[in-house]
Amino acid sequence: MRIISGKYRGKTLASFSGSAVRPTADRVKESLFNILSAEIYGASVLDMFCGSGSLGIECISRGASFVKFNDVSKDSIALLKKNLKGIEGNFKITNLDYTRCIEPSEKFDLIFIDPPYMLDCGVAALQLASKALSENGIAVYERDRPFSGTVGGLELTDERKYGRTVLSFFKRNNL
């Protein structure tokens, strides 16, 4: 894993060994950030299931104004801290269940939701995200199949498939 662009371009990130944790592949991450390129500079970002921190660190590298990293796993937080060494930026780390990681007053321009595929909590996480998105914010949900169904307060605006990974993009439904 590496940082693709920005201030820390080319920086190699430590990753988990084994197959228990599935980081976003570099080619998927590159496509994701090509899609989001105009949205990142100056953005407030939440990486809800941060793992190694790859997505949030990419945002810092590209000029996000603030990144909140969250993961329930102490091992993930330890790896994140290792990857943040030498990274300058405005960020916060929380080690909480996703249901408790958003404070009522927080608003984010970009929220990444990439839970372990074996946990079926993505829709619940999207529901929480709908309350924390800024007016023109975007939530990105990564999983192993296309999204089906609805999420109150959100509208599916785009969906892209990269091998076995599907990225679903949501915006607030301001009806």
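Refer to the preceding data block for the structure.
One structure accompanies this document, and this report is about it. (Residues numbered from 1 in each chain as written. Predicted model: local features only at pLDDT ≥ 70, side-chain atom pairs only at ≥ 80, totals over all residues. Heavy atoms only, no water.)

**Quick notes on the pairing of strand 7 (residues 165–172)**
Here is step 1 of the chain: Counted residue by residue, strand 7 has six buried out of eight residues, so it is predominantly covered.
Here is step 2 of the chain: Of the strand pairs in this sheet, strand 5 (residues 133–143) and strand 7 are connected by six bridges, and their pairing is antiparallel. Among the inter-strand pairings, Y141 is bridged to a residue of strand 7, identified as S168.
Here is step 3 of the chain: Of the strand pairs in this sheet, strand 6 (residues 154–162) and strand 7 are connected by eight bridges, and their pairing is antiparallel. Pairing of D158 across the sheet is with F169, part of strand 7.
Here is step 4 of the chain: What sits between strand 6 and strand 7 in their antiparallel hairpin is a turn of two residues, with G163 showing a positive phi close to 60 degrees. (Buried < 20%, exposed > 50% of the residue type's maximum accessible area, 1.4 Å probe, protein only. Helix = DSSP H or I, 4+ residues; strand = E, 2+ residues; numbered from the N terminus. Pairing = 2+ DSSP bridges.)

**Considerations on the side chain of S54**
Here is step 1 of the chain: Along the chain, S54 turns up in helix 2 (residues 54–61).
Here is step 2 of the chain: Judged by relative accessible area, S54 falls into the buried class, the value being 5%.
Here is step 3 of the chain: Side-chain polar atoms of S54 contact the side chain of K29, separated by 2.7 Å.
Here is step 4 of the chain: If sequence neighbours within four positions are ignored, S54 has contacts with M1, I3, L13 and K29. (Polar contact = N/O pair within 3.5 Å; in protein donor to acceptor, adjacent residues only side chain to side chain. Contact = heavy atoms within 4.5 Å.)

**So, the sheet that holds strand 1 (residues 44–47)**
Here is step 1 of the chain: Here we have seven strands laid out as an open sheet, ordered 3-2-1-4-5-7-6, and mixed in their pairing. The open sheet is flanked by strand 3 (91–94) and strand 6, the only strands paired with a single partner. Geometrically, the sheet is characterised by an average inter-axis angle of 15 degrees between neighbouring strands, direction not taken into account.
Here is step 2 of the chain: The sheet strands contacting helix 2 are strand 1, strand 2 (66–70), strand 3 and strand 4 (108–113), and the helix crosses strand 2 at an angle near 170 degrees.
Here is step 3 of the chain: Most of the contacts of helix 3 (residues 74–84) go to strand 3, to which it runs at about 160 degrees, and overall it touches strand 2 and strand 3. (Axes fitted to C-alpha atoms, helices over the stretch in contact; angles between N-to-C directions.)

**What to know about the environment of S148**
Here is step 1 of the chain: Take S148: it is sitting in the loop between strand 5 and strand 6.
Here is step 2 of the chain: Sequence separation of S148 and V123 is 25 residues, and the distance between their C-alpha atoms is 9.9 Å.

**Structural notes on the pattern of salt bridges**
Here is step 1 of the chain: This structure, assessed with the given rule, holds eight salt bridges.
Here is step 2 of the chain: Residues D158 and R160 are paired through a salt bridge, measuring 2.9 Å at the closest nitrogen-oxygen approach.
Here is step 3 of the chain: Judged by its relative accessible area of 26%, D158 is partly exposed.
Here is step 4 of the chain: Overall, R160 belongs to the partly exposed group, its relative accessible area being 35%.
Here is step 5 of the chain: Three or more residues are tied together by salt bridges with common partners; here these are K29, E58 and R62. (Salt bridge = Lys/Arg side-chain N within 4 Å of Asp/Glu carboxyl O.)

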